[in-house]
Amino acid sequence: MGSGGLELPPGGEGREADSADDPPGAVSLTRPRGSHSIGPELDWDAGAWLEVRTRAQRAGRAYIWLNLVEQRLRAVVAAVLRPVYEPVHGDDWVVAAAGPAGQEWVQRAVAVREVSRRKGYLLDPADDNVISFLTLPQLRELMVQHWPCFEPYLDERRDVELALDELEVTRNVVSRNRALSEAVLNQAERASARLLEILGAGGDVPSARRLPVDAVEDLVGDRYADVVAVHPDRVRLLRQFPAEDIFRGARRLDAVGIGLNLLVQNFSGRRLVRLAEAGARVRLLFLNPASSAVKRRERELGLKRGELSRAVEMNILHMRRVRSRLRDPGAFEIQVYDETPRFTAYLVDGDGTDGIAVVQSYLRRARGMEAPVLVLRNGSRVVKSGEADEGGLFPTYREEFELAWADSRPVS
């Protein structure tokens, strides 16, 4: 007998639905045919899994940005309005600041706080206040409503509101777990970074002027040591991180490789002259074009005999012409080595905490243009494991460069 008072038919083997033997009032349960009780229409194929992973990755990035913005805006609102209202209204200062216009949403926040208290959802005592339960639009309303209080600290009200407007679409999509497009995610990241800068919480990593720190890297950088980007080849690297952005403004540039094409072919001689004349120290370490290592590399890549050595020699001659135009040629050093080339690395400002590096390993059948690229950031501000010297890759390549430089000889 079922819970609704209806009799269920016997479930014997081979029994068909709607059998004439079922007693009156019985509800027939049709057995699913086949070996699986759940139909194949509920399965996710590889394409579906790829889609949901993409959605989750985009939503995760957007959530981190929104979380940072909301926390920062909450802190700014509290820092400015609490001294104004708390001396008179005490713990109810947020309710007083909201005023009659915000009475409905602030009372809703109060109610949610009380429910969270009763159910044990307040895991941190620091969150046991009304402002922690206000949403981004409500925090914005408090700021706009009391703008004369914020004006001494923030330059442009319009910039703040425009950035918050751009975030509203993303906030609604993420809160309802809907699909977020790449374009909207990029817009949200730009708006969040701009808003954090306006609110006085921009990135504090010195190299951010060359390679901006995004929220995900800043929060989980220790998971990837000091690797901040991976590109399948040099073409894709230069699309995202042009040579001008890599090398401009460098005060020190150390490079080791075979022909150093990333620098020689993508950063003009005039720019290198201006860089050196501005005080940059440059050390370039090429593979000796007359060495047996060049011949082995030519055979690996299937090149004609002498093809690679001529290309390297042309690059060295070009750098010698750049050096000859400098008032201080000693600041622009060129050397060659004879050992088997293992990697190419460009270390920009590698002696300080604001350095970056572009590194490629040499593969047997792939030219340098086709090899995967790692972008590294020096310094311990992003590598939060507390073991920057042990866990980072940047010091490893910097040490390798110094060892190779010590064993090389200068080009006159």
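All of these numbers come straight from a predicted model, not from anything done at the bench.

Chemist: Just to check I follow, could you spell out the nonpolar core for this structure?
Modeler: Across soluble globular proteins, nonpolar side chains show a tendency to be buried alongside one another. Membership of the largest hydrophobic core comes to 59 residues, with the highest contact counts inside it found for F247, L263, L284, F286, M319, F332 and Y346. In contact with Y346, other than residues within four places in its own chain, are F247, D254, A255, L260, N261, L262, L263, I356, A357 and V358. Formed by 44 residues, the second largest nonpolar core is a distinct cluster that contains L81, L136, F150 and L199.

Chemist: Please clarify how the packing of helix α1 (residues 46-89) against helix α6 (residues 157-175) should be interpreted in this entry.
Modeler: Two measures define how a pair of helices packs: the angle their axes make with one another and the distance between the axes. Here α1 crosses α6 at 125°, and the two axes come no closer than 10 Å. Here α1 lies oblique to α6, going by the angle between them. By crossing handedness, the relation of α1 to α6 is classed as left-handed. On α6, the residues touching A59, A62, Y63, L66, V69 and L73 of α1 are L164, L167, T170, R171 and V174.

Chemist: Quick question: what am I supposed to make of helix α12 (residues 269-277) here?
Modeler: Three- or four-residue spacings in an α-helix give side chains the same orientation, since the helix completes a turn every 3.6 residues. For α12, every residue scored as buried is listed here: G269, L272, V273, L275 and A276. Buried residues in α12, looked at end-on, bunch into an arc of 160°, giving them a common side. Opposite the buried face of α12, at more than 90 degrees from it, the exposed residues are R270 and R274. Summarising the contacts, the buried residues of α12 are in contact with α10 (243-247), α11 (261-264), α14 (307-324) and β4 (332-337). Following α12 by one or two positions, G279 adopts a phi angle in the positive range, close to 115°.

Chemist: I tried to follow the packing of aromatic side chains on my own but got confused; where do I start?
Modeler: Given two aromatic rings, their pairing is described by the distance between the two centres and the angle made by the two planes. In the structure shown here, the tally under the stated rule is 5 aromatic pairs. Between W44 and W49, the ring centres sit 4.9 Å apart and the planes meet at 90°, which makes this aromatic pair edge-to-face. On the basis of an interplanar angle of 25° and a centroid distance of 5.8 Å, the ring pair of F401 and W405 is categorised as stacked. Placement of the pair is F401 and W405 together in helix α16 (residues 394-406), with a separation of 4 residues, close to one helical turn. This pair shows no difference in class: F401 is buried, exactly as W405 is. Among the aromatic residues, those joined into a ring-pair cluster are F247, F267 and Y346. Above the plane of the ring of W405 lies R283, whose end atom (NZ or CZ) is 5.3 Å from the centre.

Chemist: Honestly, the confidence of the model for the chain in this entry has me stumped. Any pointers?
Modeler: Any segment with low pLDDT has predicted coordinates that should not be analysed in fine detail. Summary statistics for the chain give a mean pLDDT of 85 and a share of 82% for residues scoring 70 or more. pLDDT under 50 marks residues 380-389. Its contacts with residues more than four places away, or in other chains, come to 22 contacts.

Chemist: In this structure, what is going on with a positive patch on the surface? I would like to understand it.
Modeler: There is a patch of like positive charges on the surface, built from K295, R296, R299 and R305. Assignment of secondary structure puts K295 in helix α13 (residues 292-301).

Chemist: Teacher, can you tell me more about the pairing of strand β5 (residues 343-348) here?
Modeler: The buried count for β5 comes to 6 of 6 residues, which makes it a mostly enclosed element. Of the two faces of β5, the one lined by F343, A345 and L347 and the one lined by T344, Y346 and V348 are each fully buried. Taken together, the 4 bridges between strand β2 (residues 252-256) and β5 define a ladder with antiparallel strand orientation. Of the residues in β5, the one forming a bridge with A255 is Y346. Sheet analysis places β5 next to strand β6 (residues 356-361), joined by 6 bridges and oriented antiparallel.

Chemist: Sorry, what's going on with the sheet that holds β4 here?
Modeler: Sheet strands pair by backbone hydrogen bonding; their relative direction is either parallel or antiparallel. Strand order in the open sheet made by the 8 strands is β1-β7-β6-β5-β2-β3-β4-β8, with mixed pairing throughout. The open sheet terminates on both sides in strands that have one partner only, identified here as β1 (227-231) and β8 (409-410). Along the sheet, α14 makes contact with β3 (281-287) and β4, crossing β4 at roughly 160°.

Chemist: Teacher, can you tell me more about the side chain of R234 here?
Modeler: Its place among the elements puts R234 in helix α9 (residues 234-240). Here R234 sits buried without a salt bridge, and the closest side chain of opposite charge, D233, lies 8.4 Å off (N-O distance). The residues touching R234, leaving out its near neighbours within four places in the chain, are N261, L262, Q360, G368, M369, A371 and V373.

Conventions used here
Residues numbered from 1 in each chain as written. Predicted model: local features only at pLDDT ≥ 70, side-chain atom pairs only at ≥ 80, totals over all residues. Heavy atoms only, no water. Core = buried A, V, L, I, M, F, W, Y, C linked by side-chain atoms within 4.5 Å. Buried < 20%, exposed > 50% of the residue type's maximum accessible area, 1.4 Å probe, protein only. Contact = heavy atoms within 4.5 Å. Axes fitted to C-alpha atoms, helices over the stretch in contact; angles between N-to-C directions. Helix = DSSP H or I, 4+ residues; strand = E, 2+ residues; numbered from the N terminus. Parallel < 35°, antiparallel > 145°, perpendicular 65-115°, else oblique. Left-handed = near helix turned anticlockwise from the far one by under 90°. Arc of directions from axis to C-beta. Phe/Tyr/Trp six-rings, centres within 6.5 Å; stacked < 30°, edge-to-face > 60°. Lys NZ or Arg CZ within 6 Å of the ring centre and 35° of its normal. pLDDT = per-residue confidence, 0-100. Patch = residues over 30% accessible without salt bridge, like charges linked within 9 Å, V, L, I, M, F, W, Y side chains within 5 Å. Areas by Shrake-Rupley, 256 points an atom, 1.4 Å probe, with all protein chains shown as cover. Salt bridge = Lys/Arg side-chain N within 4 Å of Asp/Glu carboxyl O. Lys, Arg positive; Asp, Glu negative; His and termini not counted. Charge placed at Lys NZ, Arg CZ, Asp CG, Glu CD. Pairing = 2+ DSSP bridges.

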